[in-house]
Every structure is written in structure tokens, then in C-alpha cells.
Amino acid sequence: MNYFSSNFTLGILGGGQLGKMLLQVTSQLSIKTNILDPSKDSPCKNLCNEFTTGNLMDFDSVYTFGKKCDIVTFEIEHVNVNALEKLESEGVLVYPSSKTLKIIQDKGLQKQFFLENNIPTASFRHFKSYNDFKNSSYKNEITFPCVWKKTKFGYDGYGVEIINSVEELEKLPENEFIIEELIPFQKELATTIVRNKSGEVEIFPMVEMDFNKESNQVEFVICPAQIDQELVELGTQIALKVSESFKHVGLLAIEMFLTKENKILVNEVAPRPHNSAHYSIEACENSQFKQHINSILNFHLGSSKANINAIMVNLVGDKGFSGPVMYQGIEEAMELNNVSVHIYGKSETKPNRKMGHVTIIDKDLKAGLSKAKSVKNLIKVKTN
């Protein structure tokens, strides 16, 4: 297959910021790209060769789109997996595969997959509904506080709640869910593994993630994670085991807990570019976006090594502002040394919506983190 030909088309399901950053890679190589996204104002609309507006969860929309492509990938998990299965059966290549996505789309299946493959994770119970919980003998095994998670369609803190009593559980949406043991962790860690069809594997540095306690979103990503080397090696080996178990092609982001007993437990995984590796654009020899394209096209994988310390800051919509977006403080932030601002191009903001990120690189990690906090306070995402 000649990827550098007008006869080849790469289809990307989803046209948000992750798609936009993938297109920056394909544009460099002049690879023809089609995008499917539900929003006519998608950040990718003017960057791809062909843009289609459509529902990513609709079978016909995804199938019809995929039939015009040679390879299909995705930048969001919420896509119709049955359509992907049909496309694969008809010779369209889908990376990561529909089999991988089907497991990861459902947190119950994902947790069961961890157990079946001896991957350390928090203990959990699966319930089809609140009535199922009430009628289950397992309800007496739940210790409060615990973590409630919707099995499907959670994102950016939505669909996850810390529950302190049965009464709180009763007030939550009537969805299929899992109840997880609440892990008293020291740090939340992450790494990303990339694998191509030939079996080459590259692993990005271990990072730590600092979450906003109100929104449950990542606020800062720190590279490298400030933990002992033996824990880095332990986390890396666990992440590689997860990757080998899925046998995926493409990126796999792995989020982990470092417990107070210095054990590492896998929390969740994502088969796509991930917020925890945005720093790689400035700090690594090859970014996660370049490596994703390398892997799904079966190119040689370059190094994913970081050359310098980095801190990534998420820019999200400020509380109390919904509507046409206006940014404050960007020019002032750009005047600072070693600060790279990425604005995603979303026309509308709302509280806690991801609107951009900033990466700070610094030989002195402590100084870099101080600058990152200053940038976080400097840039505001509001409305006109």
C-alpha cells in the first residue's frame, strides 16, 4: 500500500483536538485524510482533505465513512464498534482494532480483562442497575467510601463519583455501573505505549498527573514522574504487560495508581492519543501523535525518549462562562521562555471544557512547575 499516493485515504473518527494534532503529522507527510465528526465547527474541519458531519455512534454514518478509507483510526472511544467490525470483515484496516476498542469502551469488560490477564487493579463489583445492586448478595461486600463508574460513555471526570453511602448511590443515574475499591494512593501515574503491526514497541516516559479535586480533571502532567527508579521500572513492566495482553496496533495510554504501600495498580486505559502525553510534542524525540501515525501505517517507530523535563497544563473553560470563547493572558504567557501554547480551535467554551494546553520545558523541574502554575493563573478561558 502506497501511503504517499492520492489513491490512499486515512480516515479519522473524531475531529477534536486530538484529531487536529494527528493532522499536523499527516500534513507534514501529505497523507490524504478524511474526518468524521458530529460538529460542523470541528477543529479539524479546515485541516483535512475531506470532512463529513455525522454521528460517531450511528452504524450507517461510521460504516459509510469507513468504506471510503483504506485505514480507519479514532481519536475518541465513543464510536460505533459494530460498524468497525463490519468494515474489518470487508477488508478495511482498523487500528486499534474493534476487538480492542470493544473491551475498552466498557469499564466492566475492561476490568474483567485486567483480572483475566493477571494485571493488578483495584477490586470491583459490576451491577447492571441500581435494582440489580439492591437485589445482589454482593452489595454487602461494598465498603464505603468507594468509587462509582458508569461502564460506558464516561469522560473527563463525567461518569465517576466517590460514594460515601448507599443513599448517595441511590441518587445516581440508572445506568450499568461498577463499584471500585477506593484506593488511598500517593500519586496517579501514566505512560503511553505504541506498537506497530510488525511488533515494534516504544514506551513513553512515566509521568505523574495532578488532578483538580472539584472537576476530577487532570490539571498538570509532570514528566518525568518524581518517583524512585525501581517504581518506574515496575510501572513500565506492568504497562508493557497490558500492551502485550491487548496486542494492539497504535497507541495505548495506561493510567495507574501508586499506592501508599508502593504497589502499582492499573486504573484505566485509552487506545488513542491521550492528554497525559501532550507534553511529548515539545519534550520527546517523537510525539505521541507522530508515533500513532507511524504505528498504524506500520512505519519504523522512532524513539519516544524525553530529552528534557516537561510540565503540561490543561486550559479549561472557566466557571460561569458558556458561549463564544475568548482567551485572556495568552500573549503574556508566550513572552515567557520555553512556554508553548496550544489552542484547540473550539468556538464555544463551557465550564471545564478542554480548550487548550500549555507545555513548559525546563532543565530544573521545580522551576518549570512553578512557571506552569503561573501560566495556569495567567491564562483565562472566558466568553466575549
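Keep in mind it's a predicted model, so treat the numbers as computed, not measured. (Residues numbered from 1 in each chain as written. Predicted model: local features only at pLDDT ≥ 70, side-chain atom pairs only at ≥ 80, totals over all residues. Heavy atoms only, no water.)

Caption draft 1: Broad picture of the packing of helix α4 (residues 98–105) against helix α5 (residues 107–116). Where α4 meets α5, the axes come as close as 5 Å, and the angle between the chain directions of the two elements is 105 degrees. Classified by the angle between their axes, α4 and α5 sit roughly perpendicular to one another. Residue-level contacts link K102, I103, I104 and Q105 of α4 to K107, L109, Q110 and F113 of α5. (Axes fitted to C-alpha atoms, helices over the stretch in contact; angles between N-to-C directions. Helix = DSSP H or I, 4+ residues; strand = E, 2+ residues; numbered from the N terminus. Parallel < 35°, antiparallel > 145°, perpendicular 65-115°, else oblique. Contact = heavy atoms within 4.5 Å.)

Caption draft 2: Structural detail: empty space enclosed by the protein. A full pass over the atoms with the stated rule returns one cavity of 30 Å³ or more. Each pocket or cavity is described by its volume, and for the largest cavity that value is around 30 Å³. Along its surface, the largest cavity is lined by Y130, W148, L169, L172, P173, E174, N175 and F177. Of the residues contributing to the lining of the largest cavity, the split by class is six nonpolar, one polar and one charged. (1 Å grid on protein atoms, 1.4 Å probe; cavity = no way out; pocket = protein on both sides within 12 Å on 5 of 7 lines; lining within 4 Å. Points joined across faces, edges and corners; volume = space filled by probe spheres on them. Nonpolar A, V, L, I, M, F, W, Y, C, P; charged D, E, K, R; others polar.)

Caption draft 3: Structural detail: the state of the cysteines. Counting across every chain of the model gives zero disulfides. Considering cysteine sulfurs only, C223 is the nearest to C284, which forms no disulfide, with 5.8 Å between them. (Disulfide = S-S within 2.5 Å.)

Caption draft 4: A look at the pairing of strand β10 (residues 185–195). Of all 11 residues in β10, eight are buried, a share of seventy percent or more. For β10 and strand β14 (residues 250–259), the ladder comprises 10 bridges, and the chain directions are antiparallel. Considered in β14, the bridge of F185 is made with T259. Alignment of β10 against strand β11 (residues 201–203), held across three bridges, turns out to be antiparallel. Paired with R195 across the strands is V201, a residue of β11. Connecting β10 to the next strand, β11, in antiparallel fashion are five residues, including G199 with a positive phi near 95 degrees. (Buried < 20%, exposed > 50% of the residue type's maximum accessible area, 1.4 Å probe, protein only. Pairing = 2+ DSSP bridges.)

Caption draft 5: Summary view of the pattern of salt bridges. Here the structure, examined in full by the defined rule, presents 13 salt bridges. In this structure, E85 and K102 form a salt bridge, with 3.5 Å as the shortest nitrogen-oxygen distance. Residue E85 is found in helix α3 (residues 81–89), and its partner K102 is found in helix α4; the two are separated by 17 residues along the sequence. Overall, the relative accessible area of 31% leaves E85 in the partly exposed class. Here K149 and E268 are joined by a salt bridge, their closest N and O atoms 2.9 Å apart. (Salt bridge = Lys/Arg side-chain N within 4 Å of Asp/Glu carboxyl O.)

Caption draft 6: Examining the packing of α3 against α4 more closely. Where α3 contacts α4, the axes come no closer than 9 Å and their chain directions differ by 165 degrees. Judged on the interaxial angle alone, α4 and α3 are roughly antiparallel. Classified by chirality, the crossing of α4 by α3 is left-handed. Residues V81, L84, E85 and E88 of α3 touch α4, and the partners they reach there are S98, L101, K102 and Q105. (Left-handed = near helix turned anticlockwise from the far one by under 90°.)

Caption draft 7: Here's a closer look at the environment of G66. Relative to the elements of secondary structure, G66 occurs in helix α2 (residues 59–66). The sequence separation of G66 and E88 amounts to 22 residues, and the corresponding C-alpha distance is 9.6 Å. Ignoring any residue separated from it by four or fewer positions in sequence, one finds G66 in contact with V72, L87 and V92.

Caption draft 8: The arrangement of helix α12 (residues 365–378) in detail. An ideal rise of 1.5 Å per residue puts 20 Å on 14 residues; α12 measures up with 20 Å between its terminal C-alpha atoms. Among all positions in α12, only L365, G368, A372, V375 and K376 are buried. Axial view of α12: buried residues confined to an arc of 100 degrees, hence all on one face. The outward face of α12, more than 90 degrees from its buried face, is lined by the exposed residues K366 and N377. Elements that come into contact with the buried residues of α12 comprise β13 (218–223), β16 (309–316), α11 (330–334), β20 (354–362) and β21 (380–383). Residue D364 occupies the N-cap position of α12, its side-chain oxygen lying 3.1 Å from the main-chain nitrogen of K366. (Expected span 1.5 Å × (residues − 1). Arc of directions from axis to C-beta. Polar contact = N/O pair within 3.5 Å; in protein donor to acceptor, adjacent residues only side chain to side chain.)

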